[in-house]
Amino acid sequence: MNAPILSRRRFLSASLVAGGGLLFDLNIPLAGAAEGAPQILTAFVRILPDNRVIIGAKNAEIGQGAKTMLPMLIAEELDVDWAQVTIEQTHADQKIFGGQTAGGSRTTPREWLPTRKAGAAARAMLVAAAAQQWGVAPATLKTGSGKVSDPASGRSISYAALAAAAAQQPAPDPATLTLKDPKDFRIIGQSIGGVDTPAIVAGKPLFGIDFKLPGMLYAVLETCPAFGGTFKTANLDAVKALPGVAHVLTIKGDGTPESLFDGVAILSTSWWSANQAREALKVEWDMSAVSGFSTEGYAAQAAERLKGKADGDIVRAGDVDAAFATAAKTVSAEYDYPFLAHGTLEPQNCTALFKDGAIEIWAPTQNPESGRGLVAKALNLPPEKIRINFTRIGGGFGRRLMNDYMVQAAAIAAQLPGVPVKLLYNRQQDIQRDFYRPAGWHGFRAALDKGGKMTAFHDHFVTFGKDGKPVRSAEMPASEIPAGLIDTVLLEQSFLATNMPTGWLRAPGSNALAFVTQAFLDEVAQAAGKDLPTLMLELLGEPRELPRGPNAPPFVTGRARGVIEKVVAMSGWADRGKLPKGRGKGFAFYYSHMGYFAEVLEVALVDGMPKVATVWVAGDVGSQIINPMNALHQAQGAVIEGLGQALAGQKITQVAGAVEQANFDTHPLQRIPDTPQIIVEFVKTDYPPTGMGEPALPPVIPALVNALHAATGKRIRTLPIVPEMFA
């Protein structure tokens, strides 16, 4: 995909600011942006009179490290010391800053070259100013630590002293910029702590839940327990008379979970009194259209659907029926997994102030422009009348890609012009008003020839959909392994109806598909008389590139082979047979979000439940680990979250259209004592760097269940894992 052609002046402009500092307005094209169409990145770099540098971080910080990583890229190519840099969070505005979505591990691949070019362009203008002042060629000058130096004469001058002259320089042609050779990196590749970490450790207010404005009212919003139910009547006057309550408002929704359901908002001078008043609220809801949905009903429907013909094909290659009819051996199994909630530690929240026909919003959002569009529609406002400010996010995992809480806060604030309103969910609401990872059921078959080679593969995937299309995050790609690696494959899909809102959970799609496919392939490998790493290496074959569809990079089998061979060596896989009885090692590989990860896990049963001792992780995310400390933490965090999905008891169940779980006692998170040793190594390859937030999670769950089979002889084909499975 080609980038838009920009004039040099639009590419970069510089101007003086108060006090003699220099402001660089950096505009560069994002060719082939991971989010689709090319975009324009705008990053602000301010060089102050004392030679300090302020760099704007344009993406939301969720703990993924973007607020530190993006300025690292600029600072490296600008050639300043990290100690000179101060980072400021920008507000949300794609017209100024370009794409600001934080999700899908896309920030690194999207920003790697453009953001570095932004820093290089600013450096080029400063060098040009020094060259003009000294009457020398720019190519003879050097930069470092925020200074330009002339080796021939021994002269040097600070960036701050060049500010006025640099502001008059023409913008460089992007094609003329030379980026640093990686061997010369002084910031990229160094472990740098998160910019917000000292404030977090000190307990300083950074998160949306901390945000306050003078005269602010706290709001709670009650909606129907069954998604899609509508408001009938409520004891509004009685609730309004309770201590501290300032307003009780009815909210008319549009019936979509992304925007608004019908609700009753209670506003008070404190969140505690508002929430206490909510407990006294008695609402009559019309749930006639949505009360027929239940977990028990889904399971019964799925069992019937797996026996019959699928609704449609995802991919059909070769003659599947003939391959199974002539197979020397066949393997079959059914797998399933539940709905999951995100369980963010910081509940959903948003502060809004509606005034003079415009609204200002302070939100922990991963996807601000989507929220802007939803608010504009709900309030019938032009988008330019909406200002969105980022707050630090206390856990996203995809939940905050949805902006329902932003629309809800805006709808409440619009009824109270001039009054700041802070909407805050309690824990029960946060779990029961989520956008859930959808459940799924898989009926697998594999065919083997006399030599143990897999000749055909079939998956009938039953999940949720509407109008013949899967709901959000219930998709299966046509390239799902082993598709593309063997000639005869049938992936097909059937749909059930639901009223459950669904959404992206960390490593969306992959967090479930890796479990079922890699666990079943472990069964296939056993039937073929080999282990899963051997089966995967046979499937991968010689290094080659396999297309994965439009706007997606190819799957490189050599990179997959590299991480498989690496983790096998790291983990002592060849000696797994020497483990004591009751202990086992399991393996899994998965490719997602442009990252190649293979993992081995060692487990034993302790008091009837799995106890994970060690997880070995080998990952290939390209040629450069930008911030090694953060990359390590991302990989470890992904493994811990995956283990929690399998072992902690996470499962969302539904009765009469409503979610049963209400807190962490019924949808628990992984605990610190259950965290194993996690050893991470990266295989560097000659490919552009990619993200770390997602791809380390998917392999850990199948590696776990495969290890449990090695330890106990029992196959785990459903999640979560509970003690009854080992009775």
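Every value quoted in this text rests on a predicted model; they were computed, and no experiment measured them.

What counts and how
Residues numbered from 1 in each chain as written. Predicted model: local features only at pLDDT ≥ 70, side-chain atom pairs only at ≥ 80, totals over all residues. Heavy atoms only, no water. Helix = DSSP H or I, 4+ residues; strand = E, 2+ residues; numbered from the N terminus. Rg over C-alpha atoms; globule rule 2.2 N^0.38 Å. Buried < 20%, exposed > 50% of the residue type's maximum accessible area, 1.4 Å probe, protein only. Contact = heavy atoms within 4.5 Å. Lys, Arg positive; Asp, Glu negative; His and termini not counted. Charge placed at Lys NZ, Arg CZ, Asp CG, Glu CD. Pairing = 2+ DSSP bridges. Axes fitted to C-alpha atoms, helices over the stretch in contact; angles between N-to-C directions. Salt bridge = Lys/Arg side-chain N within 4 Å of Asp/Glu carboxyl O.

1. Structural notes on the overall build of the chain
Then comes step 1: Counting its secondary structure elements, the chain contains 18 helices and 32 strands.
Then comes step 2: For the chain, the C-alpha radius of gyration of 28 Å lies close to 27 Å, the compact-globule estimate for 727 residues.
Then comes step 3: For the chain, the C-alpha atoms occupy an extent of roughly 80 × 70 × 45 Å along the three principal directions.
Then comes step 4: By residue count, 56% of the 727 residues in the chain fall in the buried class.
Then comes step 5: Considering only residue pairs separated by 6 or more positions, the chain has 75% of its internal contacts joining residues 24 or more positions apart.
Then comes step 6: Of the side chains in the chain, 68 bear a positive and 68 a negative charge, and the two mean positions are spaced by 3 Å.

2. Let's talk about the pairing of strand E20 (residues 421–424)
Then comes step 1: Burial of the side chains of E20 extends over both faces: Val421 and Leu423 are buried on one face and Lys422 and Leu424 on the other.
Then comes step 2: Inspection of the sheet shows strand E10 (residues 217–223) paired to E20 by three bridges, in the parallel sense. Across the sheet, Tyr218 pairs through a bridge with Lys422, a residue of E20.
Then comes step 3: Pairing between strand E17 (residues 349–355) and E20: four bridges, direction antiparallel. What sits directly across from Cys350, in E20, is Leu423.

3. Topic: the sheet that holds strand E7 (residues 142–144)
Then comes step 1: Judged by pairing direction, the sheet is antiparallel, and its three strands sit side by side in the order E7-E8-E9 without closing on themselves. In this open sheet, the two edge strands, each paired with only one partner strand, are E7 and strand E9 (155–158). Strand-to-strand twist across the sheet, computed as the mean angle between neighbouring axes with direction ignored, equals 25 degrees.
Then comes step 2: One ladder, built from four bridges, connects strand E8 (residues 147–150) with E9; its direction is antiparallel. Among the inter-strand pairings, Lys147 is bridged to a residue of E9, identified as Ser158.

4. As for the pattern of salt bridges
Then comes step 1: Evaluation of the coordinates by the stated rule reveals 38 salt bridges.
Then comes step 2: A salt bridge links Lys232 to Glu284; the nearest nitrogen and oxygen atoms lie 3.1 Å apart. Taken together, the residues span a long stretch of sequence, with Lys232 in strand E11 (residues 230–234) and Glu284 in strand E14 (residues 283–286) at a distance of 52 residues.
Then comes step 3: Residue Lys232 is classed as partly exposed on the basis of its relative accessible area of 45%.
Then comes step 4: Classification of Glu284 as partly exposed rests on a relative accessible area of 39%.
Then comes step 5: Here Arg399 ties to Asp434 by a salt bridge, and the two come within 3.2 Å at their closest N and O atoms. One end of the pair, Arg399, is in the loop between strand E19 (386–390) and helix H12 (404–414); the other, Asp434, is in the loop between helix H13 (427–432) and strand E21 (440–448), and 35 residues separate them in sequence.
Then comes step 6: The class for Arg399 is buried, based on a relative accessible area of 1%.
Then comes step 7: Relative accessible area serves as the criterion here: at 3%, Asp434 is assigned to the buried category.
Then comes step 8: Taken together, the shared-partner salt bridges connect Glu76, Asp79, Asp81, Lys180 and Arg186 into one network.

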